[in-house]
Amino acid sequence: MNVTARQIFLIARRSVIRTFRQPGVWIPPLTFPLMLMAVNSNGLRAATHLPGFPTRSFLAFFLPFSFMQGALFASGIAGVDLARDIDTGFLNRLALTPVRDSALLLGQVGGAVGLGAVQSVLYLTVGLIAGVRFVSGAPGAFVMLVLALLIAIGFGGLGLWMALRTGSGEGVQSQFPLLFFLLFISSMNLPRNLIEVGWFRDLATLNPVSYMIEALRSLVIEGWNAQALALGFGFTLALIGISMWLAARQLKVRMART
Amino acid sequence: MRRESNSLLQNGIEVEGLVRSFKDIRAVDGIDISIEPGQIYGFLGPNGAGKSTTVHMLTTLLPPSAGRATVAGYDVQRDGAKVRAAIGAALQDTALDPFLSGREHLRLQASLHGIRGDRRKELIDRLLGRVGLTSAGDRKIRTYSGGMKRRLDLALALIHDPSTLFLDEPTTGLDPQSRTALWEEVGRLARDEGVTVFLTTQYLEEADVLADRVGIIDHGRIVAEGTPAQLKAEIGKATVEVVPENPDDRERLAGLLSRFGGETAARPGAYAVQLDAAGALPDVIRALDQEDVRAAEINLHQPTLDDVFLAKTGRKLEGSEDE
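Residues numbered from 1 in each chain as written. Chains lettered and ligands numbered in written order. Predicted model: local features only at pLDDT ≥ 70, side-chain atom pairs only at ≥ 80, totals over all residues.

Colleague: Hey, could you go over the overall build of chain A for me, with residue numbers and the actual values?
Modeller: Along chain A, the regular secondary structure elements total twelve helices and zero strands. Element order for chain A, N to C, with α for helix and β for strand: α-α-α-α-α-α-α-α-α-α-α-α. The C-alpha radius of gyration of chain A comes to 19 Å, within 12% of the 18 Å expected for a compact globule of 258 residues. With respect to the principal axes defined by its C-alpha atoms, chain A has extents near 60 × 35 × 35 Å. Looking at chain A as a whole, 47% of its 258 residues are labelled buried. A fraction of 80% describes how many contacts in chain A between residues 6 or more apart in sequence connect residues 24 or more apart. (Helix = DSSP H or I, 4+ residues; strand = E, 2+ residues; numbered from the N terminus. Rg over C-alpha atoms; globule rule 2.2 N^0.38 Å. Buried ≥ 20, exposed ≤ 12 C-beta atoms within 10 Å, placed from the backbone. Contact = placed C-beta atoms within 7 Å.)

Colleague: Explain the nonpolar core to me, using residue names and the numbers behind them.
Modeller: Grouped together as the largest cluster of nonpolar side chains are 150 residues, with contacts concentrated most on A:A152, B:V71, B:A155 and B:V197. Sorting elements by how many residues they give to this core places helix α3 (residues 58-88) of chain A first, with 18 residues. Apart from the residues lying within four places of it in its own chain, the contact partners of B:A155 are B:L106, B:L127, B:L128 and B:V131. B:Y271, B:A272, B:L275 and B:V284 belong to the second largest nonpolar core, which has ten residues in total. (Core = buried A, V, L, I, M, F, W, Y, C linked by C-beta atoms within 7 Å.)

Colleague: Describe the environment of A:G241, naming the residues involved and giving the relevant values.
Modeller: Following the sequence through the fold, A:G241 ends up in helix α12 (residues 226-254). A sequence separation of 84 residues divides A:G241 from A:G157, and the C-alpha atoms of the two residues are 8.8 Å apart.

Colleague: Any chance you could break down the interface of chain B and chain A for me, citing the residues and the numbers?
Modeller: At the interface, 23 residues of chain B touch 20 residues of chain A. Those elements that provide at least two residues to the side of chain B that touches chain A are α2 (80-86) and α3 (102-112) of chain B. When grouped by side-chain class, the residues that make up the side of chain B that touches chain A number 13 nonpolar, seven polar and three charged. (Nonpolar A, V, L, I, M, F, W, Y, C, P; charged D, E, K, R; others polar.)

Colleague: Which residues make up the sheet that holds strand β10 (residues 221-226) of chain B, and what are the values?
Modeller: For sheets, the rule is that strands pair by backbone hydrogen bonds, running either parallel or antiparallel. All names here are of chain B. Taking strand neighbours across the sheet as the criterion, the six strands line up as β6-β7-β8-β3-β9-β10 in an open arrangement whose pairing is mixed. For this open sheet the edge positions go to β6 (87-90) and β10, each flanked by a neighbour on one side alone. Averaged over all pairs of adjacent strands, the angle between their axes in this sheet comes to 15°, without regard to strand direction. With five bridges connecting them, strand β7 (residues 164-168) and strand β8 (residues 196-201) associate as parallel partners. If you follow T164 over to β8, its bridge partner there is T196. (Pairing = 2+ DSSP bridges. Axes fitted to C-alpha atoms, helices over the stretch in contact; angles between N-to-C directions.)

Colleague: Account for the sheet that holds strand β14 (residues 295-301) of chain B, with residues named and values stated.
Modeller: Residue and element names in this part refer to chain B. Strand order across the open sheet formed by four strands is β12-β13-β11-β14, with antiparallel pairing between neighbours. Across the chains shown, the open sheet's two edge strands, defined by having one partner strand only, are β12 (261-264) and β14. Within the sheet, the average angular offset between the axes of one strand and its neighbour, ignoring direction, is 25°. Helix α9 (residues 250-257) contacts β11 (239-244) and β13 (271-275) of the sheet and is inclined by roughly 0° relative to β13.

Colleague: Let's hear about the packing of helix α1 (residues 3-20) of chain A against α3(B): which residues, and what values?
Modeller: One way to put it is that α1(A) packs onto α3(B) with a least axis distance of 10 Å and a crossing angle of 165°. With respect to each other, α1(A) and α3(B) are oriented roughly antiparallel. Between α1(A) and α3(B) the crossing geometry is left-handed. Touching A:Q7, A:L10 and A:R14 of α1(A) are B:L108, B:S111 and B:L112, all from α3(B). Residue classes in the contact of α1(A) with α3(B) are distributed as three nonpolar, two polar and one charged. (Parallel < 35°, antiparallel > 145°, perpendicular 65-115°, else oblique. Left-handed = near helix turned anticlockwise from the far one by under 90°.)

Pasting the structure below:
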């Protein structure tokens, strides 16, 4: 393992350990999306009777939303943890070691990725137990997990950026309404072609989150949809690139070591 | 074991005209410092005087606005990574993760410095023992007392065997026992291992007990520098204060004491002079005996660093941070 990879591993391990030692931090992201999935898959089941609805199982349609919601929770955790490190001076402690900036950033999202992995496996297991069948089979489920983790890294990067920009947990949490707005103004509840309100459909079409959800969803209900996957992975990788670039820039300002 | 073979120890800390401005405020305003290897340098001043800003510049965490500084032979602006490899630092906040144990902190810090395997384990065990945390090493930090956190902080600063140690107010908030233990360890590091120590403190006693040299900083400028003895000698001599057993003897006492020095402020009912000659107390006592002036109380007051601070800034150190 080279130096940077080892440093990422060390910082990530610490991030994962501290996350899982705070039950109040990881229990809500695990349970809340499951509760919403249970409520929505029953309450909105009638939507599957709409002409053109792509599946007979609303649970299968809605399952990917849980992954997105989990990724948003994970981003908050990564950001709040870093904000706390700034506030307590732990970031200065790390800055005094030979740790590289890139290792610091990627390691800090380790907690989010760790939690994201546990969340994803749980949502997937619950979905399978509840009768969801992947049209793309086991390889599709694996690709779904990979995409879910990449989404967690992308949103985790946004959390880091906000933490480095504001230096406070409150500052990080203030981004949540915006992120949840993006989530709810997407194709989470209906396919875009079935959204009848024009402005909502337009916003959902412009919203990159729609394409992330649709890529995840395609693996469950369609099989291997190359266009959906390309858009989903494309927007996710773009999000990772932009959020990590913003975070790296802000880290140079915050950690102005010579 | 002293590490004179280490070439980094050929260099201590050299600071020339160091400035750090925050918008219109010059937090550090052109300071010069020279610290020899293996010395303990006490950096004394009230809150907001510029102590921590200086430490942050010397530890590479904050770029200076002007001036230059070398630590362990490396320029803090050009050779940041080399400076960081040569120094250990326990900054003002005991920046510890409440959800990790002391041992996990040490393991992380050691690993980031590239120390691995059996050497890391042996080092962690030795350091935990040295700071008295062997039995508490596997406990989470949230269960530690303030003193335990400070001691772990010191162990973390020492994990990579640094030649220079920065301690930013290391004993603030500690009980007297923990404070004394930390002083002993810092003294041992300098004396036995040749570590150069840059110690900031608000406590005069700490600087007096520990430091080979002291710099007093106020409003970003160094107002006095030297050994504690030099600084005290610079500002004055010892004061002797006598309380006569019989208040009617005060006039005679004043006449007698005035032979040994000039009058200075004293408590009500007492008379005090600043002694002209060092070691004149026995002569004062003999004179009192010969002239049959019975003393209820005799106090000899040596100049302190607080007197030095008062003489240099016109203020007492304690409470001056509010001004």
